[in-house]
Amino acid sequence: MTINEKNYAYGASKSSIREIAAYGAARKAQIGAENVFDFSLGNPSIPSPDAVRESIERSLQLPPTQLHSYTPAAGLTFVREKLAASLCRRYGENTAAADDLYLTCGAAASLSISFHAVVNPGDEVIVIAPYFPEYRVWIETAGATCIEVMADSETFQIDTEAVRVAVTPRTKAVVINSPNNPVGSVYSAQNLAALADVLHEREDALGTAIYLVADEPYREISYGVEVPWVPAIYDRTLVCYSYSKSLSLPGERIGWVLVPPTNPDHDRLVYAIAGAGRSLGFVCAPALFQRVVADCCDVPSDVEAYTRNREALTRGLSELGYHYIEPQGAFYLWVKALEPDANAFFERAKALELLPVPSDSFGCTGWVRIGYCVSYETIVNSMPAWKKLAESYK
Ligand code: PLP
């Protein structure tokens, strides 16, 4: 029987991050959870704020036909009004109006909708490597080619000169993710301004329009650095947001796409986003959680637990001589493997029950990602194994 071979391949090849997590779960069942140090997944380890439960309980008082019914495709109007007002308070008057927001099933849906909204077959979309591996799947499914551009190898900021070289007449979009998964870097306002200059210069030279897709599920998780508001720096921006990490709700699937009013293609893009959501069959974002995020959009994320984990992990690994990129946001530590082959390094780590993710999964060699959205005890108790691993290379 003929089936869609591309989707067969996506399904059969699986995500290596999820495979490591599945191995971790099986290993925990064999030798006890306390003996396996699984740093593979980006599942938040802190509970949702109390306000989430309170909001759910309030909504459950509504008549079921009201609570569980379809909502408008873009989301309930009062919800979008509340979210837009919150964005205006945070980033300035006229940052967003209700009609600029399209509620989605999380950043994954926001991104695939955005790609479908802007690309035509044969277009190219630039990603900054290392990058979240699902970008490639969503870009290719939208009919475009995924073009990898390495970040600056020292700072892991965007290498804007490399982006300049990679832009072609077919470049339709550049995806940026700050705070970054897997590196934990936050792109500075200066770096983003340099990127904006490059994109404007290339647009002018080629007579094309290049969109900046800002993937921001980690916006609320930063450690004392400012996370610049991208639409204030580059006009053709789409913002893809999610509450998976900020409110610890990854399984509930809720987020949004913003077409900022300053985007020169705003009116057509709003329709293209709605059309992409429609053609992909999303119908509407989960109704209950639309109400929850309206209630909780101003509740601060609890970054304290991640701050404590980050400090314990960086202190421990630096004492052992590991080289890593100081994380400014998100909950990942990007650590240099102790040999050029990150997969070989991972195998040695795995033998000591340490489960980071090799960097090859993210489009670059020689590093591993440690997700520190785990319990504090996991970090502290893993240190003897990290020590043994370092000693095995002496
Ligand atoms: N983008 C990045 C960089 C992520 O790390 C993730 C999830 O881990 C997503 C998008 C998808 O997030 P969501 O759960 O909101 O779909």
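Refer to the structure above for everything that follows.
Reading the values: the criteria
- The residue numbers shown here count from 1 along each chain, following its written sequence.
- The predicted origin of the model limits local features to residues at a pLDDT of at least 70 and limits the giving and counting of side-chain atom pairs to 80 or more, whereas totals for whole chains, interfaces and linings rest on all residues.
- Side-chain measures were taken over the full set of non-hydrogen atoms in the model, leaving aside hydrogen atoms and water.
- Pairs of strands are assigned from DSSP output, requiring at least two bridges between the strands.
- Secondary structure elements follow DSSP: runs of H or I of four or more residues count as helices, runs of E of two or more count as strands, with numbering from the N terminus.
- By the convention used here, residues are in contact when the closest approach between their heavy atoms is within 4.5 Å.
- Between the N-to-C directions of two axes lies an angle of 0 to 180 degrees, each axis being a line fitted to C-alpha atoms and, for a helix, fitted only over the stretch in contact.
- The term salt bridge refers to a pairing of a side-chain nitrogen on Lys or Arg with a carboxyl oxygen on Asp or Glu at a separation within 4 Å.
- Summary of the burial criterion: residues with accessible area below 20% of their type's maximum are buried, those above 50% are exposed, and those between are partly exposed, where the area comes from a 1.4 Å probe applied to protein chains only.

## Focus: the sheet that holds strand E9 (residues 324-325)
Then step 1. Taken together, four strands build an open sheet; the order of strands is E9-E10-E13-E12 and the sheet is antiparallel. Each having just a single partner strand, E9 and strand E12 (357-358) make up the two edges of the open sheet.
Then step 2. As defined by bridge partners, E9 adjoins strand E10 (residues 332-336) across two bridges and the pair is classed as antiparallel. The residue of E10 that forms the bridge with Tyr 324 is Val 335.
Then step 3. Docked against the sheet, helix H12 (residues 304-319) engages E9, E10 and strand E13 (367-371), running at close to 10 degrees with respect to E10.

## Some thoughts on the pattern of salt bridges
Then step 1. A full pass over the atoms with the stated rule returns 18 salt bridges.
Then step 2. Between Glu 140 and Arg 136 there is a salt bridge, with the nearest N and O atoms lying 3.1 Å from each other. With Glu 140 and Arg 136 both in helix H7 (residues 134-141), this residue pair falls four residues apart, about one helical turn.
Then step 3. The class for Arg 136 is partly exposed, based on a relative accessible area of 28%.
Then step 4. When the shortest N-O distance is used, the salt bridge between Lys 350 and Glu 347 registers 3.9 Å. Linking Lys 350 with Glu 347, this pair stays in helix H13 (residues 342-351), spanning three residues, or about one helical turn.
Then step 5. One network of salt bridges, with partners in common, ties together Lys 6, Arg 136, Glu 140 and Glu 148.

Don't take any of this as a statement about function, it's just geometry.
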